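So you can see what is in the structure, the chains are spelled out below.
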Amino acid sequence: MNKLICFLYISITTLPVVLSYLLDRKYRRKIKLITEDDNKFYNQLLSVTMKNFNCKPHVIEKNECSENCSLAYQKIIQAFISSAKSSICLCIYIFTLKSLTYELIQAHKRGVDVRVISDQIMFETKSQRDNFSILSKNEIPYKLHSPRSIKMHHKFCLIDKDDPERAKMFSGSLNLTNQGFCYNFDNTVLTNNIYVIKRFSDEFEKLWNLF
Ligand SMILES: [Zn+2]
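All of these numbers come straight from a predicted model, not from anything done at the bench.

Procedures and definitions
Residues numbered from 1 in each chain as written. Predicted model: local features only at pLDDT ≥ 70, side-chain atom pairs only at ≥ 80, totals over all residues. Heavy atoms only, no water. Helix = DSSP H or I, 4+ residues; strand = E, 2+ residues; numbered from the N terminus. Buried < 20%, exposed > 50% of the residue type's maximum accessible area, 1.4 Å probe, protein only. Contact = heavy atoms within 4.5 Å. Areas by Shrake-Rupley, 256 points an atom, 1.4 Å probe, with all protein chains shown as cover. Lys, Arg positive; Asp, Glu negative; His and termini not counted. Charge placed at Lys NZ, Arg CZ, Asp CG, Glu CD. Donors = N, O, S within 2.8 Å, 3.2 Å for Na, K, Ca; no water. Tetrahedral: all angles 85-135°; square planar, octahedral: opposite > 155°, others 65-115°. Phe/Tyr/Trp six-rings, centres within 6.5 Å; stacked < 30°, edge-to-face > 60°. Polar contact = N/O pair within 3.5 Å; in protein donor to acceptor, adjacent residues only side chain to side chain. Domains from an automatic or database assignment. Core = buried A, V, L, I, M, F, W, Y, C linked by side-chain atoms within 4.5 Å. Axes fitted to C-alpha atoms, helices over the stretch in contact; angles between N-to-C directions. Parallel < 35°, antiparallel > 145°, perpendicular 65-115°, else oblique. Nonpolar A, V, L, I, M, F, W, Y, C, P; charged D, E, K, R; others polar.

## Examining the overall build of the chain
- In terms of helices and strands, the chain carries eight helices and seven strands.
- Relative to its full complement of 211 residues, the chain shows a buried share of 39%.
- Considering only contacts within the chain whose residues lie at least 6 apart along the sequence, 71% involve residues at least 24 apart.
- Surface accessibility of the chain: about 12700 Å² in total, with carbon and sulfur atoms responsible for 59%.
- Taking the average place of the 30 positive charges on the side chains of the chain and the average place of its 21 negative ones, the gap between the two points comes to 4 Å.

What follows is the structure, given as structure tokens:
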């Protein structure tokens, strides 16, 4: 009897310690893996500040004032889109920037699967409707959300999302408009972090099927 009590006492007191050690080891391994993976990823921030409020002429004249010029930012996004080999999934509240529309069309023409999701109310503004009619004419599919009372307020774009070697994305507060690049305090983060991309990819497919 004493032996049984002794066994139970030892089991009850040591089990939590062993479990805690095993869980801690598993957690540390996971953290190490993420830290190692982190070195493979880049994360670039485009931040639109007051300095960009003078950049509209630079955008029009195609003459960038610095590496943080609105024109330089537009070129980075343009290069991002033009690098696509297999797919582009753009989910954007306001999209009127013709230089980026042109990049989507070029991508579509070279066989990239281009899909766009946008906002129903913003679609009713002339500049957005005109831009989307260009997409339509070039047979690029897009979807608009309903009901009208809710905004489709996302701003993200996935490039080659199903190819872990090439996948990248940008996301933030920035709309793809001259206003966004020149006159708002805005941000967008560019990353190739496949864990983040996977989550945004799931979100895009969910919305694409919903709308
Ligand atoms: Zn500038």
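## With respect to the coordination of the zinc ion
- Only C55 (SG), H58 (ND1), C65 (SG) and C69 (SG) from the protein coordinate the zinc ion, and they sit 2.1 to 2.3 Å from it.
- In this structure, the zinc ion is surrounded by four donor atoms whose angles at the metal cover 103 to 117°, and the resulting shape is tetrahedral.

## Re the packing of aromatic side chains
- Considering all chains together, one arrives at ten aromatic pairs under this definition.
- Their ring planes at 65° and their centres at 4.9 Å tell us that F156 and F200 sit as a pair that is edge-to-face. Within this pair, whereas F156 is found in strand β5 (residues 155-159), its partner F200 is found in helix α8 (residues 194-210), the two being separated by 44 residues in sequence.
- Taking the relative accessible area as the measure of exposure, F156 reaches 1% and is therefore buried.
- Look at F200 and you get partly exposed, because its relative accessible area is 24%.
- Members of the aromatic cluster, joined through ring pairs, are F95, F123, F132 and Y142.

## Looking at the side chain of N52
- You can see N52 is positioned in the loop between β1 (43-48) and α2 (56-61).
- Residue classification places N52 among the buried positions, given a relative accessible area of 1%.
- A distance of 3.2 Å separates a polar atom in the side chain of N52 from a polar atom in the side chain of S70.
- Contact partners of N52, with chain neighbours within four places excluded, come to S47, N68, C69, S70, Y73, F181 and C182.

## Quick notes on the domain arrangement of the chain
- Split by domain assignment, the chain resolves into domain 1 (1-39) and domain 2 (41-210).
- Domain 1 and domain 2 are separated by 47 Å when their C-alpha centres are compared.

## Some thoughts on unusual backbone geometry
- The phi torsion at E139 lies on the positive side, around 60°, for a residue other than glycine.
- Summarising the element assignment, E139 is placed in the loop between α6 (126-137) and β4 (142-144).
- A positive phi angle is found at D160, which is not glycine, with a value near 45°.
- Since its relative accessible area comes to 0%, D160 is described here as buried.

## Notes on the nonpolar core
- In terms of nonpolar packing, the biggest core is built from 37 residues, with I88, F95, L104, V116 and L176 touching the most fellow members.
- Mapped by element, the contributors of at least two residues to this core are β1, α3 (70-82), β2 (87-92), α4 (98-109), β3 (113-118), α6, β5 and α7 (178-182).
- Here this core takes six residues from α3, the largest share from any one element.
- Ignoring any residue separated from it by four or fewer positions in sequence, one finds I88 in contact with I81, L104, A107, V112, D113, V114, R115, C157, L158 and I159.
- C89, L158, I197 and W208 belong to the second largest nonpolar core, which has twelve residues in total.

## Examining the packing of α3 against α4
- α4 packs onto α3 with a crossing angle of 10° between their chain directions and a minimal axis gap of 9 Å. When the axes of α3 and α4 are compared, the pair comes out roughly parallel. In this structure, α3 contributes Q74, I77, Q78, I81 and S82 to the contact, and α4 contributes S99, L100, E103 and L104.
- When the residues that make up the contact of α3 with α4 are grouped by side-chain class, the tally is four nonpolar, four polar and one charged.

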